[in-house]
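Residues per chain, in single letters:
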Amino acid sequence: MRAEKARSILNSLGLLPQAHEWGQVALKLQARFDDKELEARTRHVVSDLVCIWTAPLQGTLASSYEVYVIGKQTGDIEYASYGAHAYVHN
């Protein structure tokens, strides 16, 4: 099961603190690898779908912008647009 689905399931069950903790674990694991292919996707799920419920809104804006930049740099246009959308609507 992908980490994104696991966090979404935890959110759906109302286990927001646990989802936040697993999101932080995912970010730490992502930082260990040089492969940037999934970085925008992982950061988007954590910043816009998990942290939005557990962290102050202003604290998620920089992360959403980073998703946009990383997605653009890596050619992941889908998640670059999700990052831009999250930044604007939040």
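Just so it is clear, the model here is predicted, and its values are computed rather than measured.

(A) How the structure looks around the confidence of the model for the protein chain. Scored by pLDDT, the protein chain comes out at a mean of 81, with 82% of its residues at no less than 70. When pLDDT is averaged over each helix and strand of the protein chain, the minimum, 61, is found for helix 1 (residues 3-12) and the maximum, 93, for helix 5 (residues 77-89).

(B) Spotlight on helix 2 (residues 16-31). Between its terminal C-alpha atoms helix 2 stretches 23 Å, which fits the 22 Å expected from 16 residues at 1.5 Å a residue. Every buried residue of helix 2 is listed here: Ala19, Gly23, Ala26 and Gln30. The arc that holds every buried residue of helix 2, seen down its axis, measures 60°, which confines them to one face. Away from the buried face of helix 2 by more than 90 degrees, exposed residues Pro17, Glu21, Lys28 and Ala31 are located.

(C) Here's a closer look at a nonpolar patch on the surface. Where nonpolar side chains cluster on the molecular surface, the patch consists of Trp22, Val25, Leu29 and Phe33 and spans about 410 Å² of accessible area. Mapped onto the elements of the fold, Trp22 is located in helix 2.

(D) Broad picture of the side chain of Asp76. Inspection of the secondary structure assignment puts Asp76 in the loop between helix 4 (57-74) and helix 5. Taking the relative accessible area as the measure of exposure, Asp76 reaches 8% and is therefore buried. Excluding residues within four positions of it along the chain, Asp76 makes contact with Glu37, Ala40, Arg41 and Gly71.

(E) Molecular detail of the packing of helix 2 against helix 3 (residues 39-50). Contact geometry of helix 2 with helix 3 gives a least axis separation of 10 Å together with a crossing angle of 160°. One way to sum up the angle between helix 2 and helix 3 is to call them roughly antiparallel. For helix 2 against helix 3, the interelement crossing comes out left-handed. Contacts between helix 2 and helix 3 involve Ala19, His20, Gly23, Gln24, Ala26, Leu27 and Gln30 from the first element and Glu39, Thr42, Arg43, Val46 and Val50 from the second. Per-class residue counts for the contact of helix 2 with helix 3 are five nonpolar, five polar and two charged.

(F) Geometry of the packing of helix 3 against helix 5. Two numbers describe how helix 3 lies on helix 5: the axes approach to 9 Å, and their chain directions differ by 25°. Viewed along their axes, helix 3 and helix 5 adopt a mutual orientation that is roughly parallel. Crossing handedness for the pair helix 3 and helix 5: left-handed. Side by side, helix 3 and helix 5 meet where Ala40, Arg41, His44 and Asp48 of the first sit next to Glu78, Tyr79, Tyr82, Gly83, Ala86 and His89 of the second. Looking at the contact of helix 3 with helix 5 residue by residue, the class counts come to four nonpolar, three polar and three charged.

Criteria and thresholds
- Counting starts from 1 at the beginning of each chain's written sequence and moves along it residue by residue.
- Per-residue local features are limited, in this predicted model, to residues with pLDDT of at least 70; the limit for side-chain atom pairs, both in listing and counting, is 80 or more; totals at the level of whole chains, interfaces and linings are taken over all residues.
- To obtain the side-chain values, all non-hydrogen atoms of the structure were used and water was disregarded.
- The pLDDT score gives, residue by residue, the confidence of the prediction method on a 0 to 100 scale.
- Numbering of helices and strands runs from the N terminus; a helix is a DSSP stretch of H or I covering at least four residues, while a strand is a stretch of E covering at least two.
- Expected span of a helix: the number of residues minus one, times 1.5 Å.
- Three labels apply to residues, based on accessible area from a 1.4 Å probe with only protein chains included: buried if under 20% of the type maximum, exposed if over 50%, partly exposed otherwise in between.
- Throughout, the arc means that of the directions going from the helix axis to the C-beta atoms.
- Nonpolar side chains (Val, Leu, Ile, Met, Phe, Trp, Tyr) within 5 Å and like charges within 9 Å form the patches, drawn only from residues with over 30% relative accessible area and no salt bridge.
- Accessible surface area values rest on a Shrake-Rupley calculation with a 1.4 Å probe, where residue burial reflects the displayed protein chains alone.
- What counts as a salt bridge is simple: a side-chain nitrogen of Lys or Arg found within 4 Å of a carboxyl oxygen of Asp or Glu.
- Whether two residues are in contact is decided by their heavy atoms: any pair within 4.5 Å suffices.
- Inter-axis angles, ranging from 0 to 180 degrees, are taken between N-to-C directions of lines fitted to C-alpha atoms, where helices are fitted over the stretch in contact.
- Oblique is the label for every angle not falling under 35 degrees (roughly parallel), over 145 degrees (roughly antiparallel), or within 65 to 115 degrees (roughly perpendicular).
- Each crossing gets its hand from how the near helix is turned against the far one by less than a right angle, where anticlockwise is left-handed and clockwise is right-handed.
- Classification convention: Asp, Glu, Lys, Arg as charged; Ala, Val, Leu, Ile, Met, Phe, Trp, Tyr, Cys, Pro as nonpolar; all other residues, Gly among them, as polar.

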